[in-house]
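Examining the three-dimensional arrangement
Listed below, chain by chain, are the residues.
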Amino acid sequence: MKSQMFRAIAAALCAAAMGCSSGGSSNATPDAGGSFDVAVDTPPSCTGATMLCGGGCVDPQMSAQHCGGCGNACASGEVCSAGRCQLQCGAGLTECRGGGADAGASAQRMCANLSIDPGNCGMCGNACAAGQRCVSGSCQLSCGGGTTECAGSCRDLRGDNANCGACGRACAAGQVCSQGECRLNCGGGTTMCGDACRDLQTDRANCGACGNSCMPGQVCSMGACRVDCAAGSTNCSGMCRDLQTDQANCGMCGTACAAGQSCVAGTCTVRCAEGQTACMGACRDLQTDRGHCGTCGQACASGEVCTAGRCVATCGAGLSECGGSCRNTATDPEHCGMCGTACATRANASRFCASGACGFTCNAGFGDCNRDAADGCEAPLNSVNNCGGCGVVCAFANAAATCSGTCRMGACNAGFADCNTNPADGCETNVGADSANCGACGRACGAGQVCSAGSCVANCGSGLSNCSGACVNTSFDPNHCNGCGVSCPAAPANGLRFCATGVCGTACRAGFGDCDGNGGNGCETNVTGSLAHCGACNRACAAAPNATPSCSNGTCQYLCATGFSDCDNNASNGCESNLGSSAANCGRCGNVCAQNQVCVNGACTTGTGFSTDWVLQRNTLGQYTRCGSVSVNGNQWTCNLPEVRYGSVEGGIPYQHSGNEYTVWCQQLGFNSFVSGSDRYTTRDVTAPRGRLFGCRSYDETNWHWCDWQDGPWFNQRLDYHQTDTTGLSSITCSF
């Protein structure tokens, strides 16, 4: 009775929970107590888009026997396309023939997407190997768990020394890869395991401790191997991830945030710089942005600006309105010195604005060693020729040198050793000739023996001399230079001594130079920061127009004066462009004013007055002026050979006399003022129909206008003239 009951329970459970077929086995054997252990066949575990039908995993999108659902078989002559029985495959699909879970002639026909189907990848019947996936019709390695394919293998770019942050980017000797960056030590909560930095909280191969690997089917969660991830994390390809903050799995497994974004509350959002806030997918300064003033979406009304997070009528003290935003032009790199003057970006550098002048500082680990601002800070400061600073050479006596931001001694040259463990003098001991350290540090020769070629012998070898029991090469040994006991003088301050071909000499350490030629004070000059000796002795940072020079890491740098910029990226001519008046660089580098425009206070302006065609003067009754030609110099405009027209009569020439009101005339023509002393007179033809004219406030009108100053109003619209008086105005200059 019990046996029948357990069989019934087992059958019911199998049918309800696992869809067992009638052919599945169900065996029951009684235990010692008379009860039964029920064993049932375990059905396969289906993954991806497949589902369990009839004891096997099928794809309901293309299975002719289970099209769209278990048991939904297509009729003869039909194929299953995108989960529907049709006469032919739909768009983007190809009819392929193959076996599988379905049987029968009709089941051999299936609709496959050759771009992504691992069983028909690129062509029918081309099945991808285990661990591969089909991408754009090509079988490719399928990397999971936050790894990336690099040269045919899956790599964790966050901790792989050979592929740190990107495939093929190897860390230098002495560095480790941590969070995708080469560092001297592991960071960000990671631990060095072997040659890579690992997160012991989530790494299945190093769970809780280096080398502690989780069993198949387990994940590493909070430093412990578990069947399931701990609360707050999700199993993503065998790794427990916090979908609220994980950059590679944001909101759901496999959803990686783009560069410049951060995962916040399960959503990829823009990662903004300090002082800015992400608003509608862009970074905004809520203190100055008119469209987002104080808070995202809070727009200021027309005519208002945003200052200190509040919409006001005008900008506060020390701020200027630039395109509707209040900016501090003394410090804002987007509006440096004046509105719209953006400081140029440089490679491996951070730009800044100080006192209204642009500059840039090199990022940590980089230097502008070629003194060319155009390519920014082009030199990494981790090479033996630029170790920690431009021109700082990393070198050790009788030893190799390495640089990882700081100079380090590498392996000793053959025949030498660092017996005093002091890297300052390199590998100071010649173990091939030192009887106290013969062949190795501390290995002394016996009485009557000398050290030759690293072995204790009775006599020195060829080319060596016995100096107090030591076999030395007097051509290169600074303690026995050109003879036993001839010691080279002590090294000067910041210097090194040496012996070369039997001649003593000294050399300066990296970063120092004997720039005053006085050997008594050694290498007295630090050439990494001296204006007069920048990078090398007598290599002075030259004065440059409109710029202040400085020396940093052995490289000359220049800080532009307010209102000027280095627009041609040529340090030799300094900050050559006046952004306030240069028509080729108006307000900012590269902003070219249109033809007939000038640059005034950093803005391109069209002259409203001087013209070679007739121009109506403001505040006059039908008076016009024109010039024979116009010249422009910065914000100054000069009218050459001016003439005047009144009504329909033209040809009047401004004439020289006392009380000429040039300032008023300039203002009538749309300028701010007259440039004092910039009026010129010459002999001009004033015969008919020309007449001598200039400004006055009398005669026929109350408004100031052109008139015949000597003979009164323009009588009957005719110009009076005097053949004998020929001194007329030839040029006048006005300014904005």
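Here is a short report on the structure shown in this document. On a predicted model such as this, the values are computed, not experimentally measured, just so you know. (Residues numbered from 1 in each chain as written. Predicted model: local features only at pLDDT ≥ 70, side-chain atom pairs only at ≥ 80, totals over all residues. Heavy atoms only, no water.)

1. Quick look at the overall build of the protein
Counting its regular elements, the protein contains two helices and 62 strands. Counting the 736 residues in the protein, one finds 35% classified as buried. In the protein, the proportion of contacts linking residues at least 24 apart, taken out of those at least 6 apart, comes to 27%. Split by element, the accessible area of the protein, about 37100 Å² in all, is 50% carbon and sulfur. (Helix = DSSP H or I, 4+ residues; strand = E, 2+ residues; numbered from the N terminus. Buried < 20%, exposed > 50% of the residue type's maximum accessible area, 1.4 Å probe, protein only. Contact = heavy atoms within 4.5 Å. Areas by Shrake-Rupley, 256 points an atom, 1.4 Å probe, with all protein chains shown as cover.)

2. Observations regarding empty space enclosed by the protein
Under the counting rule described, the total for this entry stands at one cavity of 30 Å³ or more. Approximately 50 Å³ is the volume found for the largest cavity. Considering the residues around the largest cavity, the lining is formed by C336, G337, M338, T341, G356, A357, C358, G563, F564, S565 and L579. Of all elements in the fold, only β30 (357-362) and β49 (564-565) reach the threshold of two or more residues within the lining of the largest cavity. (1 Å grid on protein atoms, 1.4 Å probe; cavity = no way out; pocket = protein on both sides within 12 Å on 5 of 7 lines; lining within 4 Å. Points joined across faces, edges and corners; volume = space filled by probe spheres on them.)

3. Focus: the environment of S136
One can find S136 in the loop between β9 (132-135) and β10 (138-141). Residue S136 is classed as exposed on the basis of its relative accessible area of 69%. It is 6.4 Å that separates the C-alpha atoms of S136 and I116, two residues lying 20 residues apart in sequence.

4. Regarding the environment of G180
Looking at the secondary structure, you find G180 in the loop between β13 (176-178) and β14 (181-183). For the pair formed by G180 and N161, sequence separation is 19 residues and the distance between their alpha carbons is 9.1 Å. Once residues lying within four places of it in the same chain are set aside, the contact partners of G180 are L157, R158, C164 and G165.

5. A short note on the side chain of S678
Looking at the secondary structure, you find S678 in strand β59 (residues 673-683). Setting aside chain neighbours within four positions, we find S678 in contact with S731, I732 and T733.

6. Here's the deal with the sheet that holds β59
What the four strands build is an open sheet, ordered β55-β56-β62-β59; its pairing is antiparallel. One side of each edge strand has no neighbouring strand; the edge strands of this open sheet are β55 (629-633) and β59. Across this sheet, the average inter-strand angle for adjacent strands is 20°, counted without regard to direction. Relative to strand β62 (residues 727-735), strand β56 (residues 636-640) runs antiparallel, the two being bridged by five bridges. Residue pairing for β62: Q636 is matched across the bridge by S735. (Pairing = 2+ DSSP bridges. Axes fitted to C-alpha atoms, helices over the stretch in contact; angles between N-to-C directions.)

7. A closer look at the pattern of salt bridges
According to the stated counting rule, one finds six salt bridges in the structure shown. As a salt-bridge pair, R198 and D203 come within 4.0 Å of each other at their nearest N and O atoms. For R198, a relative accessible area of 22% gives the class partly exposed. Taking the shortest distance from any N to any O, the salt bridge between R351 and E334 comes out at 2.1 Å. Taken as a pair, R351 in strand β29 (residues 349-354) and E334 in the loop between β28 (325-327) and β29 lie far apart in primary sequence, 17 residues in all. (Salt bridge = Lys/Arg side-chain N within 4 Å of Asp/Glu carboxyl O.)

8. Structural notes on the layout of surface pockets
Taken as a whole, the largest pocket encloses approximately 790 Å³ of empty space. Residue lining of the largest pocket: 28 residues in total, with N398, E428, F476, D477 and P478 positioned closest to the centre. Listed by contribution, the elements that provide at least two residues to the lining of the largest pocket are β38 (429-430), β42 (470-472) and β43 (495-500). A total of five residues in the lining of the largest pocket trace back to one element, the largest contributor, which is β43. Residues of the lining of the largest pocket, tallied by class, amount to 15 nonpolar, seven polar and six charged. (Nonpolar A, V, L, I, M, F, W, Y, C, P; charged D, E, K, R; others polar.)

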